[in-house]
Amino acid sequence: MESITFFPKGVCSRQYDIQYEDNKIVDIQIIGGCNGNLKGLRALLIGMDIDEAINKLSGITCGPRQTSCPDQIARALKSIKR
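This text gives an overview of the structure that appears in the document.

## A closer look at the environment of Gln-66
Locating Gln-66 in the fold gives a position in the loop between helix H2 (50-57) and helix H3 (69-81). On the accessibility criterion, Gln-66 (69% relative accessible area) is exposed. Taking the C-alpha atoms as reference points, Gln-66 and Val-11, 55 residues apart in sequence, are found 9.7 Å from one another.

Written out as structure tokens, the structure is:
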């Protein structure tokens, strides 16, 4: 199993710790942000294929912001694929 730590920009959350294996998300810890929403997002992402998560989350915005916590998670996952 591998892991990364990602520091999002332009959103309320401050850090994502992501564990992954065989192109699947094993676990994700989201520090900061809207607690209930991010717990729900975490529950949905665990076990999901990384490419599927990137496709579903990329480009989501939050209010007037050009990004969101889901979009920043997609960016974190994209960094795994490089």
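## Quick notes on the pairing of strand E2 (residues 13-21)
As paired strands, strand E1 (residues 2-6) and E2 are joined by five bridges and run antiparallel to one another. Within E2, the residue paired with Ser-3 across the bridge is Gln-19. Turn length for the E1-E2 hairpin, with the two strands adjacent in sequence and antiparallel, is six residues, and the turn residue Gly-10 shows positive phi of about 80 degrees.

## Remarks on the pairing of strand E3 (residues 24-32)
Two elements, E2 and E3, share eight bridges in a ladder whose sense is antiparallel. Its bridge partner lying in E3, Gln-15 is registered against Ile-31. Counted along the chain from E2 to the antiparallel partner E3, the turn is two residues long, and its residue Asp-22 has a positive phi close to 50 degrees.

## Thoughts on the side chain of Gln-72
Take Gln-72: it is sitting in helix H3. Of the residues examined, Gln-72 reaches a relative accessible area of 3% and is grouped as buried. Not counting residues up to four positions away in its chain, the partners in contact with Gln-72 are Phe-6, Pro-8, Lys-9, Val-11, Tyr-16 and Thr-67.

## Observations concerning the packing of aromatic side chains
The full count for this structure, using the stated rule, is one aromatic pair. Here the aromatic rings of Phe-6 and Tyr-16 are separated by 6.2 Å at their centres, their planes lie at 10 degrees, and the arrangement is stacked. One end of the pair, Phe-6, is in strand E1; the other, Tyr-16, is in strand E2, with ten residues separating them in the sequence. With a relative accessible area of 17%, Phe-6 lands in the buried category.

## Observations regarding H3
Helix length check: H3 (13 residues) gives 19 Å between terminal C-alpha atoms against 18 Å at 1.5 Å per residue, within 8%. The set of residues buried in H3 consists of Cys-69, Pro-70, Asp-71, Gln-72, Ile-73, Ala-74, Ala-76, Leu-77 and Ile-80. Elements that come into contact with the buried residues of H3 comprise E1, E2, E3, helix H1 (35-45) and H2.

What counts and how
Residues numbered from 1 in each chain as written. Predicted model: local features only at pLDDT ≥ 70, side-chain atom pairs only at ≥ 80, totals over all residues. Heavy atoms only, no water. Helix = DSSP H or I, 4+ residues; strand = E, 2+ residues; numbered from the N terminus. Buried < 20%, exposed > 50% of the residue type's maximum accessible area, 1.4 Å probe, protein only. Pairing = 2+ DSSP bridges. Contact = heavy atoms within 4.5 Å. Phe/Tyr/Trp six-rings, centres within 6.5 Å; stacked < 30°, edge-to-face > 60°. Expected span 1.5 Å × (residues − 1).

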